[in-house]
Amino acid sequence: MLQLKNVDGHYGSFKALNNINMTVDTGGLVVLLGANGAGKSTLFNTISGLIKPTAGSVEFEDKILNGMRPSEVVNSGVVQCAEGRQLFPQMSVHDNLMLGAYVHRRDKEGNRKRLNEVLELFPILEEKSHQPAGSLSGGQQQMVAIGRAMMSRPRLLMLDEPSLGLAPLVVKQMFQTIQQINSLGTTVLLAEQNAFAALKIATYAYVMENGQLVMDGDSKAMLGNEEVRKAYIGA
Amino acid sequence: MTTFLQQVFNGLTLGSIYGLVALGLTLVYGILHIPNFAHGALYMVGAFMSYFFMVDMGVHYWIAMAGSAVVVAVLGIICERLVFHQLRNSPPIHDKIAAIGILLFLEAMVHMFWGSEFRRMSSPFGGVMNLDGVYLREQGILIIASTVVLVVALNLFLRKTMVGATIIAMAQNREGAFLVGIDANRVAMMTFAISGGLAAIAATLYAPLNLVYPAMGHLVIMKAFVIIILGGMGSIPGAIVGGMIIGFAEAFGGYYISTAYKDVIAFSLLVVILSIRPQGLFAKGAH
């Protein structure tokens with residue numbers, strides 16, 4: 001479904017991504033592990049078209065994404081729920097969600113149906129529908145962010161650190177929801193520092209360090225890998 | 001009391017014009033972070049286009065205003081595409097220099113076509129109504145009514161339409177807007193078009209009370225900057241309230257102190273308000 005071949009990325013003269021080769025298969029839930037500054041967000045932003053790769057190619061369902069504008073990438077079915085949520089804080093929860101459907105704005109019936117599906121996934125958002133998104137708790141804001149991304153009807157949903165800054169109980173619910181989204185048919189690429197929880201729900205995993213992918217494999221095998229456990233799980 | 005009411009009317013008239021010009025300026029700043037120094041030149045081109053449509057082509061005032069708004073909206077889009085879009089990844093100072101370049105270019109173009117002399121533009125609303133000693137110029141009433149209609153229409157457009165929502169979304173969170181697939185180019189062009197259109201309408205409304213000449217945008221743009229700093233950079237209500245404050249200060253200051261000091265009063269007010277509230281009256285971005 002998604003294939004990255006020899007992708008490099010630079011911030012000025014600094015090489016932030018170094019020869020990235022990665023595959024995400026349809027229906028999979030792939031986790032990208034890495035510490036702060038490893039390059040996970042840079043990689044996501046490169047796939048999303050926010051940063052242009054300096055070498056290599058990003059392919060999605062036989063389409064080349066490099067050189068596409070972010071709006072075209074979203075239109076292709078690749079949607080990112082970015083770190084920090086990136087909501088429209090003064091707009092209501094409902095307006096935030098509806099803006100998620102911007103690329104499908106002419107399909108009003110489809111959007112209504114999709115909104116109901118999102119509200120089934122996050123029932124609390126229906127109650128908060130008219131509140132400004134910026135006034136919600138961190139966990140609720142994360143729900144809006146994921147809900148908004150789901151409104152874009154992604155075939156590949158990229159979630160960048162969705163558990164960041166959330167209470168442990170909320171994190172648990174969040175991972176359950178991500179698993180549910182995946183089981184309903186959306187392919188998920190998840191960047192996380194919470195390696196234990198992420199590996200438990202994932203089908204495949206990549207480990208990133210200093211802008212390079214240094215390891216990959218079946219997520220259950222990764223859970224048992226001594227090196228991964230020491231570096232990312234702390235056990 | 002009659003004098004007081006007369007100054008209220010004058011203040012509302014002036015404040016409406018300032019508010020309309022500042023509205024376009026604050027939209028561009030709040031959404032695209034470009035301090036468009038060329039906005040005053042767009043205002044001036046708007047007046048000349050209306051003059052051209054009315055005097056040279058003989059069309060009605062309203063049609064001239066609509067035509068001028070379309071021409072200046074397109075001119076705004078051209079400025080965005082040819083200049084500001086090309087500079088989107090450059091340091092912010094480049095936008096400022098480019099805006100001054102556009103200002104000088106547009107003024108030179110107008111000089112070339114129309115020369116530097118002052119021109120008078122009439123309107124079908126030249127009458128004056130006497131309301132118990134308060135003289136209400138029909139053009140003034142038109143200015144106030146048009147401003148109310150335009151502000152309400154703009155507000156409805158921004159809040160009730162998907163296209164308007166993309167503009168607000170871009171102002172509130174640029175990266176968030178990209179992530180939902182909002183096309184930044186489209187929003188930028190639309191913002192410049194609205195901004196230019198508003199400037200042209202303001203110029204056409206005010207020109208019959210004033211004169212049309214190539215330097216007519218200078219003082220207006222300086223005051224528009226005062227207004228958006230006063231109201232809070234990027235704030236739509238701030239632009240309107242700020243416009244009214246400056247309009248009233250000039251009308252009352254001009255009458256009770258001296259008309260020679262009316263510009264000094266406006267700028268002094270800026271200094272006083274910013275000393276008390278440095279972030280402006282309406283601190284947060286476009287909303």
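Residues numbered from 1 in each chain as written. Chains lettered and ligands numbered in written order. Predicted model: local features only at pLDDT ≥ 70, side-chain atom pairs only at ≥ 80, totals over all residues. Heavy atoms only, no water.

Residue and element names in this part refer to chain B. Counting across every chain of the model gives 15 aromatic pairs over all chains. Where Tyr61 meets Phe125, the ring centres are 6.2 Å apart and the plane angle is 70°; that geometry is what we call edge-to-face. With Tyr61 in helix α3 (residues 61-84) and Phe125 in the loop between α4 (92-114) and β1 (128-131), the pair connects residues that are 64 residues apart, well separated along the chain. Here Phe252 and Tyr256 contribute two aromatic rings whose centre-to-centre distance is 6.0 Å and whose plane-to-plane angle is 10°, an arrangement assigned as stacked. Linking Phe252 with Tyr256, this pair stays in helix α10 (residues 236-256), spanning four residues, or about one helical turn. Look at Phe252 and you get buried, because its relative accessible area is 19%. (Phe/Tyr/Trp six-rings, centres within 6.5 Å; stacked < 30°, edge-to-face > 60°. Helix = DSSP H or I, 4+ residues; strand = E, 2+ residues; numbered from the N terminus. Buried < 20%, exposed > 50% of the residue type's maximum accessible area, 1.4 Å probe, protein only.)

Facing 20 residues of chain B, the contacting portion of chain A comprises 22 residues. Between chain B and chain A, a total of about 1,900 Å² is buried, with carbon and sulfur atoms accounting for 61% of that surface. Considering only the surface of chain B that becomes buried against chain A, Gln172, Leu179 and Val180 of chain B emerge as the three largest contributors, covering 34% of it. Taken together, the links from chain B to chain A amount to one salt bridge. Asp183 of chain B is the salt-bridge partner of Arg69 of chain A, the closest N and O atoms lying 3.1 Å from each other. In this structure, the connection of chain B to chain A is made through four residue pairs in polar contact (both at pLDDT 80 or more). (Contact = heavy atoms within 4.5 Å. Buried area = accessible area lost by both parts, 1.4 Å probe. Salt bridge = Lys/Arg side-chain N within 4 Å of Asp/Glu carboxyl O. Polar contact = N/O pair within 3.5 Å; in protein donor to acceptor, adjacent residues only side chain to side chain.)

Moving on, we get to empty space enclosed by the protein. All names here are of chain A. Tallied over the entire structure, the rule returns three cavities of 30 Å³ or more. If you add up the space inside the largest cavity, you get close to 50 Å³. Every element with two or more residues in the lining of the largest cavity is listed here: β6 (78-81) and α6 (138-151). The element that contributes the greatest number of residues to the lining of the largest cavity is α6, accounting for three residues. Broken down by class, the residue content of the lining of the largest cavity amounts to six nonpolar, one polar and two charged. (1 Å grid on protein atoms, 1.4 Å probe; cavity = no way out; pocket = protein on both sides within 12 Å on 5 of 7 lines; lining within 4 Å. Points joined across faces, edges and corners; volume = space filled by probe spheres on them. Nonpolar A, V, L, I, M, F, W, Y, C, P; charged D, E, K, R; others polar.)

Our next topic: the packing of helix α5 (residues 138-160) of chain B against helix α6 (residues 162-172) of chain B. All names here are of chain B. Running from amino to carboxyl end, α5 crosses α6 at an angle of 85°, the nearest separation of the two axes being 5 Å. When the axis of α5 is compared with that of α6, the two are roughly perpendicular. From α5, Phe157, Leu158, Arg159 and Lys160 reach across to α6, where they touch Met162, Val163, Gly164, Ala165, Ile167 and Ile168. (Axes fitted to C-alpha atoms, helices over the stretch in contact; angles between N-to-C directions. Parallel < 35°, antiparallel > 145°, perpendicular 65-115°, else oblique.)

Turning our attention to the sheet that holds strand β1 (residues 2-11) of chain A. All names here are of chain A. Strand order across the open sheet formed by four strands is β2-β1-β4-β5, with antiparallel pairing between neighbours. Taken across any chain shown, the strands that pair with only one partner, and hence form the sheet edges, are β2 (14-24) and β5 (63-64). Taken together, the seven bridges between β1 and β2 define a ladder with antiparallel strand orientation. Counted as the bridge partner of His10 is Lys15 from β2. Where helix α1 (residues 40-48) meets the sheet, its contacts fall on β1, β2 and β4 (55-60), and the angle it forms with β2 comes to roughly 70°. (Pairing = 2+ DSSP bridges.)

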